[in-house]
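Here is what each chain is made of, one letter per residue.
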Amino acid sequence: MVFWQILVDGFAISSLYALGATGFALIFGVSGVLNLSHGALMVAAVVAAWAAGNNLHVGPYAGAAIGIAVGFAATLVTYFLIVKPLQQTRKIREEEKEIFILTATLLWGIMIQELIAYIYTNNAKTVAPIVNGVISIFGVRTPQNEIFTAVVCWLAIGVLWLLVNRTRAGKAVLAASMNPRGVTLLGVELSHVYIAVWAIYGVLVGIAGVLLGMFLGVSSYSVGPLTASAFSIVVLGGLGSVSGALIAAYIVGYLETITAYLISPAYRTIPALLLLVAVMYVSPRGLLGRR
Amino acid sequence: MNISVSTTASTTESAHLEAHLQVTGLTKRFGGLVAVKDMALSVQAGKILGLIGPNGSGKSTVMKLIMGIERPNAGSVRINGVEVAGWPSHKIARMGAGIVFQHSRPLHRQTVLENIKLALLPDKLTRLFADPHIDDHARAIAARVGLTPVLDRRPGTLPFADLRKIEIAKAIARDPKVLLIDEPFAGLTATETEAFSELICELRDDGRAILLVDHNVKSVSRLVDRVLAMYVGERIAEGSAEEVMRDETVRRVYLGGSMETAARPESSFSDRSTPFLEVDNVSVFYGKAQALEKVSIHVHAGEFVSIVGLNGAGKTTLFNAISGFLPYAGDIRRQGGSLRGRTAATIARNGIVQCPEGRELFVDMTVRENLDLGGQHLPPAESAAQIAWLFELFPILNARQKQAAGTLSGGEQQMLTIARALMMKPKLLILDEPTLGLAPVILEQISKALEKLRQTTDITVLLGEQNVTFALPHADRVYVLEHARIVWEGEPAKFAAGGGTAYL
Amino acid sequence: MGSLSTTRILLIGLGVVIALSFLPLKVSGYILGLMTIAYYFGVFAMAWDLLFGFAGEVNFGPTFLIGTGAYTAGILDNLYQPPIFVCVAAGALAAVLGGVVLALPALRVRGPYFGLTTLVAVLMLQNFIVVDASLTGGEIGLTVPDVITISDATNYWIALWFMAISGAILFALSRSPVGLILQASGQDAVQAGALGFNVTKHKLAAFIFSAFFSGLAGAMLVFYLGSASVGTLVDITIGVQIIISAVLGGRRTILGGVLGAVFLIAMSEALRPLGDLSNFVVFAMALVVVLLFPSGFFGLLTRSREPS
């Protein structure tokens, strides 16, 4: 009985993690940036959806759309205001730019977190789910919302896969992640590729955020743990490997769910963290890492 | 507080420095690539051995292996009879080895004096106070190399030659029994080269064993006692400088033998007054080093021009300037219109396509996918037709369509690089050292493909090569690029007589 | 900075510290309290700057070392009530051990992996503290039965002189021959090795120095505040503020860290009327500094033409 519960719950949570981590991995793979404001962008999307429902009294579909739009916009602001200027500045030595981008995105994330806490308080917020009701899977009473979450996550990942592997533009993006110089030599403007990638990331973050809001809810305190779990997953899977991130997301998701059910919800993040530590000691490149 | 007494390398103590470097069976693999194969050399105290070879021959790797910066897969390195192969570099350094790197690497936030003092410090954690002797000693070394006027300045403010002097000063400070010097004269003027040569001779006379790496035999022939020539990781000749320069294999590798050329006279090209590509007085600086100095070349539409030059001469810099990857002084024009300000991707889309030295393939993608990416600006039907044509030109690519590019052999990768560039239907194809590291048999195939290209299309080609056997047969005109300058221009047939002397 | 000799700078610093010692005569206990915290944070920033300048990599988890030192001291006091200096010493020692444990994986990796390793360390510590609440006080925090003193002035002087001495040692270290070797190890490990220096040994030493001062200051801070919690000593936001202090003051200047810390605390105080928005503004200002003035105060002062 518990086994099926774990299976179902774990799958939903893992799918959510997978979506978020995919975006994070994509940005690192193509743009070389570890965006430490990742969690903040997700929370911003959720809070926007919640505010739309709460203050503007729109329906769940409209609320979700607004949430995704806000997440998208915030992500692009992150790129144009913070990441791009730092990548192009002459005031910092090349070797130190990565550090500055890490610090700046971290700061930016904290700023967003504080702003949200200020305007909307740091209480937990949930978003009205699009799908309601409960069905029974393997004898487990499951909210249909959970299934919806998993389905949407996989749809999004599927669309992304199609985009990257089947369209010309998508293949250019994939190629850019392997060899930016090679892509330039073939007449593709890297600056366009970067904008495209951040835009895709923005949509993924928006969707992941809104789904999380419908499923579990967030508060401004969620910002840190969300970023932490995304980069833990991406490091575990191997920096630069999107498929690695997908696998790692499920490992982490299930580890957390199993721990929560069998040991205690308070300890849920520990095993994944221990696994991460072990992997970093033994093989810092992660499971499938390239860089 | 200890007072360490450093043994200065004064002539009275040269009996102390019985230096001896002996290398046997040294081998290094990087993945599938064998960079150094079964290398053997020995240098006695008070002697200089010149290690020469073209780019990719493995000479820098040999130095790194001796110094412990890379670990050998097999072989022995003995310094003064002590086996040091596989030791970490700091232990080898303390054993009496020193290295002067090809590219200056001072500490940018420290003064010249502090940079030299660093080299004099012992490897201890407990030194909180500076030893007064060290200061005097550092100043003495600075005086020896001529750095006294700039002791309190930071490297960022100094000219190129001074940076090289800092490197030598650091090496002297270590008082090594065995000294490895990597390309000491690159970027120096004639007078500066003189001064450095004298310094190196002095160091030799101190009784040290010196291994000197360079790609040009002539520039080191006065200095060295013996020369060892390398090619593709192996030794091909050893002897006095004259013996090596006369050696058959060496001459073939550097100069090519007698050969057929198929040059068309310059007057036969239609765009006489405004050549397709004009490089006009272009200069490029990498930090302090001048990589190109007022270089001017031109290429007519449909012409095949080869730029011959050894490693470090500036070919890649020139090509990168043309392709828009580097800032430069001067002007580069395509059909009369300046390319300044265009992005690299724009220049490529408009028909100037480069096959770089590093190939830059998408290694995890298949051959077919790499080609498709090359053709992404074309409508699908045209792209498919182009691929079909390329499969005729390079049949092996057809056979390996579905293989990941990273799993191809070196020669196949090179063919893929050229094919991918051709997918863009370039007006001007730039090839940067396509033959690097490839076996002669593969060179044949690529050579044939280039021949076919030249005969069946009106493509313009700019080829940069140090392999003369490859560069001359297809060329209509040849330039020789040496140490950032164009030193010769003319027909391929006249090369061996005219440009060749500058070359070897 | 390079034009003045080390002794000169230390003498100037001594003068400033002596002048600051008179502050309790002029200002209220509240301001003294702020300055006290600022001085401890100054030590955190200086220790971070040392590691940054020497390891050549950014440590995202200075709070791992600080937290280890602080909580060890605090827990020890709660359990056995030994004299305060014993607890503090134990805290410093624990931090050093923590630094060694952290250095082992961290030194084997480069670039983003190093930063991530340090971040993971902080997360682990945070989790451990929260989960093992019976020992550590969990999310609420730990209170210790002893404090150094309740006099504002005395606390202020202790913090001031502790910072002064730590700063002097750290600064002298950065300018010493050992410091030169450490800088070379951080800037160009290959060259340092070719010059005969065991880079790993020196980087490990840099970790230990940084850990010692971080842990020591953290432990002392516990006995000033009378408490320790994740929110005041371990959280990532604290770590970020430390990094910002060091960057604001000027990377690799060591002493700049104190300036940065004082500035940050002063700013937070000045913005207090904004209520909860004050945090946002402080971080926003820090972001502006990072984007527009990466060389920090000392960078602006010395007006270096090339990137520092």
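In this text the structure is predicted, and so the values were computed from the model without any measurement. (Residues numbered from 1 in each chain as written. Chains lettered and ligands numbered in written order. Predicted model: local features only at pLDDT ≥ 70, side-chain atom pairs only at ≥ 80, totals over all residues.)

> Explanation requested: the overall build of chain C in the structure shown.
Across its full length, chain C carries 15 helices and 2 strands. Scaling as 2.2 N^0.38, a compact globule of 308 residues should have a C-alpha radius of gyration of about 19 Å, and chain C matches this with 19 Å. Each principal axis of the C-alpha distribution contributes one length, and for chain C these read about 55 × 40 × 35 Å. Residues counted as buried form 56% of the 308 residues belonging to chain C. Of all intrachain contacts in chain C linking residues separated by at least 6 positions in sequence, the fraction that spans at least 24 positions is 77%. (Helix = DSSP H or I, 4+ residues; strand = E, 2+ residues; numbered from the N terminus. Rg over C-alpha atoms; globule rule 2.2 N^0.38 Å. Buried ≥ 20, exposed ≤ 12 C-beta atoms within 10 Å, placed from the backbone. Contact = placed C-beta atoms within 7 Å.)

> Would you take a moment to explain the overall build of chain B for this structure?
Counting its secondary structure elements, chain B contains 18 helices and 20 strands. For 504 residues, the compact-globule estimate of 2.2 N^0.38 gives 23 Å, and chain B sits close to it at 25 Å. Counting only C-alpha atoms and orienting by the principal axes, one finds that chain B spans roughly 80 × 45 × 45 Å. Across the 504 residues of chain B, 48% fall into the buried class.

> Would you mind showing me how to read the sheet that holds strand S11 (residues 277–286) of chain B here?
Strand pairing in a sheet takes place through backbone hydrogen bonds and is either antiparallel or parallel in direction. Residue and element names in this part refer to chain B. Taking strand neighbours across the sheet as the criterion, the 4 strands line up as S12-S11-S14-S15 in an open arrangement whose pairing is antiparallel. In this open sheet, the two strands that pair with only one neighbour each are strand S12 (289–299) and strand S15 (337–338). Where strand S14 (residues 329–334) and S15 come together, 2 bridges link them in antiparallel fashion. Bridging from a neighbouring strand, Arg334 pairs with Gly337 of S15. (Pairing = 2+ DSSP bridges.)

> Please clarify how the interface of chain A and chain C should be interpreted in this entry.
It is common to give the size of an interface as the accessible area that goes away when the parts come together. In this complex, chain A contributes 37 residues to the contact, which on the side of chain C involves 30 residues. Mapped onto the side of chain A that touches chain C, the elements with two or more residues apiece are helix H3 (60–88), helix H4 (94–120), helix H9 (223–237) and helix H11 (270–282) of chain A. Among the elements that make up the side of chain A that touches chain C, the one with the highest residue count is H4 of chain A (15 residues).

> In this structure, what is going on with the sheet that holds strand S16 (residues 352–355) of chain B? I would like to understand it.
Residues and elements named next belong to chain B. With mixed pairing, 6 strands are arranged side by side in an open sheet as S16-S17-S18-S13-S19-S20. Strand pairing shows two members of the sheet lacking a second neighbour, S16 and strand S20 (485–490), which therefore form its edges. Within the sheet, the average angular offset between the axes of one strand and its neighbour, ignoring direction, is 20°. As judged from the 5 bridges shared by strand S19 (residues 477–482) and S20, these two strands associate in the antiparallel manner. Paired with Leu481 across the strands is Ile486, a residue of S20. Where helix H10 (residues 315–322) meets the sheet, it contacts strand S13 (304–308), S16, strand S17 (428–432), strand S18 (460–465) and S19, and its direction lies at approximately 150° from that of S17. (Axes fitted to C-alpha atoms, helices over the stretch in contact; angles between N-to-C directions.)

> Before we go on, may I ask you to explain the packing of helix H5 (residues 144–166) of chain A against helix H8 (residues 190–215) of chain A in this structure?
How two helices pack is summed up by the angle between their axes together with the distance between the axes. Residue and element names in this part refer to chain A. Between H5 and H8, the least distance of the axes is 10 Å, while the angle of their chain directions is 170°. Classed by the angle they form, the pair H5 and H8 counts as roughly antiparallel. Contact residues: H5 offers Asn145, Glu146, Thr149, Val152, Cys153 and Ala156, while H8 offers Leu204, Ile207, Leu211, Met214 and Phe215. For the contact of H5 with H8, the class distribution of residues is 8 nonpolar, 2 polar and 1 charged. (Parallel < 35°, antiparallel > 145°, perpendicular 65-115°, else oblique. Nonpolar A, V, L, I, M, F, W, Y, C, P; charged D, E, K, R; others polar.)

> I'm lost on the interface of chain A and chain B in this one. Help?
Of the residues lining the interface, 14 residues belong to chain A; the matching set on chain B comes to 19 residues. In terms of residue count, the dominant contributor to the side of chain A that touches chain B is helix H6 (residues 168–178) of chain A (5 residues). For the side of chain A that touches chain B, the class distribution of residues is 6 nonpolar, 4 polar and 4 charged.

> Would you explain the confidence of the model for chain C in this entry?
Regions with low pLDDT should not have their predicted coordinates read in detail. All names here are of chain C. Chain-level pLDDT for chain C is 84 on average; 94% of the residues reach the 70-or-more range. Of the regions scoring below 50 in pLDDT, residues 304–308 engages in 9 contacts with residues more than four places distant in sequence or in other chains. Confidence metrics for the complex model read pTM 0.80 and ipTM 0.80. (pLDDT = per-residue confidence, 0-100.)

> Teacher, can you tell me more about the environment of Ser268 of chain C here?
Residues and elements named next belong to chain C. Examined against the element boundaries, Ser268 turns out to sit in helix H13 (residues 256–270). Judged by local crowding, Ser268 falls into the partly exposed class, with 16 C-beta atoms found within 10 Å. C-alpha of Ser268 to C-alpha of Leu51: the two residues are 217 residues apart in sequence and 26 Å apart in space. Filtering out sequence-adjacent residues up to four positions away, Ser268 remains in contact with Ser278 and Val282.

> What's the story with helix H12 (residues 236–249) of chain C in this structure? I'm lost.
For an α-helix, 3.6 residues make a turn, and residues three or four places apart therefore share a direction. Residues and elements named next belong to chain C. Counted at 1.5 Å a residue, the expected span for H12 with its 14 residues is 20 Å, and the 20 Å between its end C-alpha atoms agrees. H12 sits mainly inside the fold: 13 of its 14 residues count as buried. Once H12 ends, the next one or two residues include Gly250, with phi positive near 125°. (Expected span 1.5 Å × (residues − 1).)

> Would you mind showing me how to read unusual backbone geometry here?
A negative phi angle characterises most non-glycine residues, just as the trans form characterises most peptide bonds. Look at Asp175 of chain B: it is not a glycine, yet its phi comes out positive at around 50°. Position of Asp175 of chain B relative to the elements: it lies in the loop between helix H5 (160–173) and strand S7 (178–182). A residue is classified by how many C-beta atoms lie within 10 Å of it, and Asp175 of chain B, with 21 of them, is buried. Even without being glycine, Ile254 of chain C reaches a positive phi, approximately 60°. With respect to the helices and strands, Ile254 of chain C occurs in the loop between H12 and H13.

> Just checking my understanding: could you explain the pairing of S12 of chain B for this structure?
Regular strands place side chains that alternate from one sheet face to the opposite one. Residues and elements named next belong to chain B. Bridge count between S11 and S12: 7 bridges; the pairing is antiparallel. Bridged to Tyr286 within S12 is Ala289. Between S11 and the antiparallel strand that follows it, S12, lie 2 residues; Gly287 among them carries a positive phi value of about 60°.

> I tried to follow the packing of helix H3 (residues 112–120) of chain B against H5 of chain B on my own but got confused; where do I start?
Residues and elements named next belong to chain B. The contact between H3 and H5 brings their axes to 8 Å, and the two run at 30°. The orientation of H3 relative to H5 falls into the category roughly parallel. For the pair H3 and H5, the sense of crossing is right-handed. Listed contacts from H5 to Val112, Asn115, Ile116, Ala119 and Leu120 of H3 are Ile166, Ala169, Lys170 and Ala173. (Left-handed = near helix turned anticlockwise from the far one by under 90°.)

> Explain the confidence of the model for chain B to me, please; I cannot follow it from the model alone.
Summarising the model, chain B shows a mean pLDDT of 85, and 91% of its residues fall at 70 or more. Predicted confidence is poor over residues 1–17 of chain B, with pLDDT under 50, and the contacts of this stretch with residues over four places away or in other chains come to 21 contacts.

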